[in-house]
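What follows is the residue order along each chain.
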There are 2 protein chains.
Amino acid sequence: MDEKVIVAVDAMGGDHAPYEIIKGALEAAQENEKIIVKLVGQEEVVKKHLEDFTYREDQVQVVDAREIIETEEPPVNAIRKKKDSSLVVAMNMVKNKEADALVSAGSSGAILVGGQVIVGRIKGIERPPLAPLIPTSKGYSLLVDCGANVDARPSHLVQFARMGSIYMENIVGVKNPRVAIVNIGAEEEKGNALVKETFPLLKACTDINFIGSIEAREVPNGYADVIVSEAFVGNVILKLYEGVGGMLLSQVKKSLMSSLRTKIGALLIKPALKKTLKQFQADEYGGAPLLGLNGLVVKTHGSAKAVEVKNSVLQCLTFKEQKINEKIKENLLMERS
Amino acid sequence: MDEKVIVAVDAMGGDHAPYEIIKGALEAAQENEKIIVKLVGQEEVVKKHLEDFTYREDQVQVVDAREIIETEEPPVNAIRKKKDSSLVVAMNMVKNKEADALVSAGSSGAILVGGQVIVGRIKGIERPPLAPLIPTSKGYSLLVDCGANVDARPSHLVQFARMGSIYMENIVGVKNPRVAIVNIGAEEEKGNALVKETFPLLKACTDINFIGSIEAREVPNGYADVIVSEAFVGNVILKLYEGVGGMLLSQVKKSLMSSLRTKIGALLIKPALKKTLKQFQADEYGGAPLLGLNGLVVKTHGSAKAVEVKNSVLQCLTFKEQKINEKIKENLLMERS
């Protein structure tokens, strides 16, 4: 018998909640019958939206939670005080094994804090990093950590590299993924204190394919599969990636609309250009997992629509089927032996 | 009588040295008669190239230096041992007031080390930051520090903000420039230890227009005129900027060449697109100054061609005419009073 995967979905978090969240969750359930989604949120609101869709009732449940955590709320406070918020209720379901995973498009800070405080770390994992896939000219790279643990220590970064490797190999299917550390030069002696301390530790790891430093310039070229970084720098990379891309494309679009001549040209190139740009869109590759937790927490963009939510829920299925957490635990044992 | 500005040009540093370097230096001299360029390098090589050009002899001198610093050499060693290299000789000319400024496309590391060790800091300046202009959708922003001082302290960042403000106001002509610190969230309580410590210090500065945090996503939108950052993060921003831009444009170009239809479209949009992309090209806005030195050191791209070298030399003229270093010194006095 195929094992079911239960995904708690924070129906109230995100710019397009609850409609797009519910829609995406239902689409995931429809796409794979092993998935059971538990929609967490104000029951009457969720049920009202459910009336718009058809779905298999044994795949969908509604779990009532009365409160909503807003994006602007200080995360630690929100997690502590709003015990009946959709996010905290969903987190507790993962903690209590009533769900295998949780998907939320809500407050990043609250998701990071809740992941550590409520769901909890795998024993031996020092810090759970946030690890999104970022598009490159060759496919995808995993950026770990992109915002969960600022001012990290070398030992944290080594664990990020190991967990990232396991994720890329088993979820994305990259054999022997190349691991690199973000640096400001290619040579081993370059870098800040953290990178200089971490470099030899990564070099000494026999269980990862460490290829050395990666300069930010090389990130978009897919030079490495797993890109290890302290969270502040990782967050800057992720945000700037989106920012530069968005700005350049809007400038290109503006120049395409500047005259009749360019408008005709634009019509001719549109389909090809659209196809090219599609591969750089965030919604195609789901959400970012918090690695190293007892269970799985996936953070999707605050602006996520149904397709991204769907892909995030499907990602939870792969995560469980590939036994990622079991592999992380085995790796921890190996590390100590 | 108009004052002359003497610029020592490292003729042997850079991917396209010496030809493009010499060409650019001569073009700057031709564009403004106040400029005197001293071409530093192997005399016979420089003189051979000079035969290809016409120029006013009172504006151009050759200074012999036998050695060349290679990009791969450990910077501290190179500066210490290669006393007769074009870079070290040029640096000593600035130190000894035989030149007002120095332009080099050579080894970044050697330029940064030599700037501090040979040219020396203005008394009171703790760390001289490297401060390039980066293109945005609204014009340019100054990124300070983009690679000179990793693991900086809060007091360094405050000086970066002040010097950056003076530079933007007087060189680029931005009135009351908006200063922001790179952060991973907009709120004051966000950030790593360094940013959290620096934020209130910047807020307390009465001589700058501090507008708070800037997320990397907002950098390309020209949200701030002076972007303050620790050097590791600044370097990541600069390099990723170039990397994402380059990758996206090459993908767009590839899609434009994918069929006959798109090729015709590409022909129609080419002039407009070219104009748009030109504003994002590095060579248009010269080099990056090391701020806070006794004299001026300008680092241009290793790949700089004549136009970038020319603009870098012209930048030295503006720097002197606007009395930037005098203004930095006044600001330091004000800070203490």
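Summary of the structure given here.

### What about the overall build of chain A?
Turning to step 1, where the next piece is worked out: Broken down by element type, chain A carries 11 helices and 11 strands.
Turning to step 2, where the next piece is worked out: A compact globule built from 337 residues should have a C-alpha radius of gyration of about 20 Å, and chain A, at 21 Å, falls within 12% of that.
Turning to step 3, where the next piece is worked out: Expressed as lengths along the three principal axes of its C-alpha atoms, the size of chain A is roughly 70 × 60 × 45 Å.
Turning to step 4, where the next piece is worked out: Across the 337 residues in chain A, those meeting the buried criterion constitute 58%.
Turning to step 5, where the next piece is worked out: Across chain A, the fraction of contacts at a sequence separation of at least 24, relative to all contacts at a separation of at least 6, is 71%.
Turning to step 6, where the next piece is worked out: Of the roughly 14200 Å² of accessible surface on chain A, a fraction of 51% belongs to carbon and sulfur atoms.
Turning to step 7, where the next piece is worked out: Across chain A, 43 positive and 43 negative side-chain charges occur, with their mean positions spaced 3 Å apart.

### Some points on the pairing of strand E8 (residues 209-215) of chain B
Residues and elements named next belong to chain B.
Turning to step 1, where the next piece is worked out: In terms of burial, E8 is largely enclosed, as 5 of its 7 residues are buried.
Turning to step 2, where the next piece is worked out: As paired elements, strand E7 (residues 178-183) and E8 share 6 bridges and run parallel to each other. By the bridge assignment, Val 179 is partnered in E8 with Phe 210.

### Notes on the sheet that holds strand E3 (residues 60-64) of chain B
All names here are of chain B.
Turning to step 1, where the next piece is worked out: Read across the open sheet, the 6 strands follow the order E3-E2-E1-E4-E11-E10; overall the sheet is mixed. Two strands close off the open sheet at either side, each with one partner strand: E3 and strand E10 (288-290). The sheet shows a mean angle of 25° between the axes of neighbouring strands, taken without regard to direction.
Turning to step 2, where the next piece is worked out: As paired elements, strand E1 (residues 5-10) and strand E4 (residues 101-104) share 3 bridges and run parallel to each other. Pairing of Val 7 across the sheet is with Ala 101, part of E4.
Turning to step 3, where the next piece is worked out: Packed on one face of the sheet, helix H1 (residues 19-31) meets E1, strand E2 (35-41) and E3 and runs near 165° to E2.
Turning to step 4, where the next piece is worked out: Those strands touched by helix H2 (residues 43-50) are E2 and E3, and its axis lies near 155° from that of E3.

Rules of the game
Going along each chain's sequence as written, the residues are numbered from 1 onward. Numbering of ligands from 1 and lettering of chains from A proceed in the order in which they are written. Reporting of local features is limited, given that this is a predicted model, to residues whose pLDDT is at least 70; pairs of side-chain atoms are given and counted only at 80 or more, and all residues count toward the totals for whole chains, interfaces and linings. Just so you know, side-chain values use all the structure's heavy atoms and leave hydrogens and water out. Helix numbers and strand numbers start at the N terminus; a helix is a DSSP run of H or I with at least 4 residues, a strand a run of E with at least 2. All radius of gyration figures rest on C-alpha atoms, and the globule criterion is 2.2 Å times the number of residues raised to 0.38. Only protein chains enter the accessibility calculation, which uses a 1.4 Å probe; a residue is then buried when its area is under 20% of its type maximum, exposed when over 50%, and partly exposed in between. Contacts: residue pairs with any heavy atoms within 4.5 Å of one another. The protein chains shown are the only cover counted for residues, whose accessible areas, like all others here, come from Shrake-Rupley with a 1.4 Å probe. By the counting scheme adopted, Arg and Lys are positive, Glu and Asp are negative, and His together with the chain ends is not counted. Charge positions are represented by NZ for Lys, CZ for Arg, CG for Asp and CD for Glu. A pair of strands is considered paired only if DSSP assigns at least 2 bridges between the two. Axis definition: a line fitted to C-alpha atoms, limited for helices to the stretch in contact. Angles are taken between N-to-C directions and run from 0 to 180 degrees.

Limitation: the analysis is restricted to geometry and does not speak to function.
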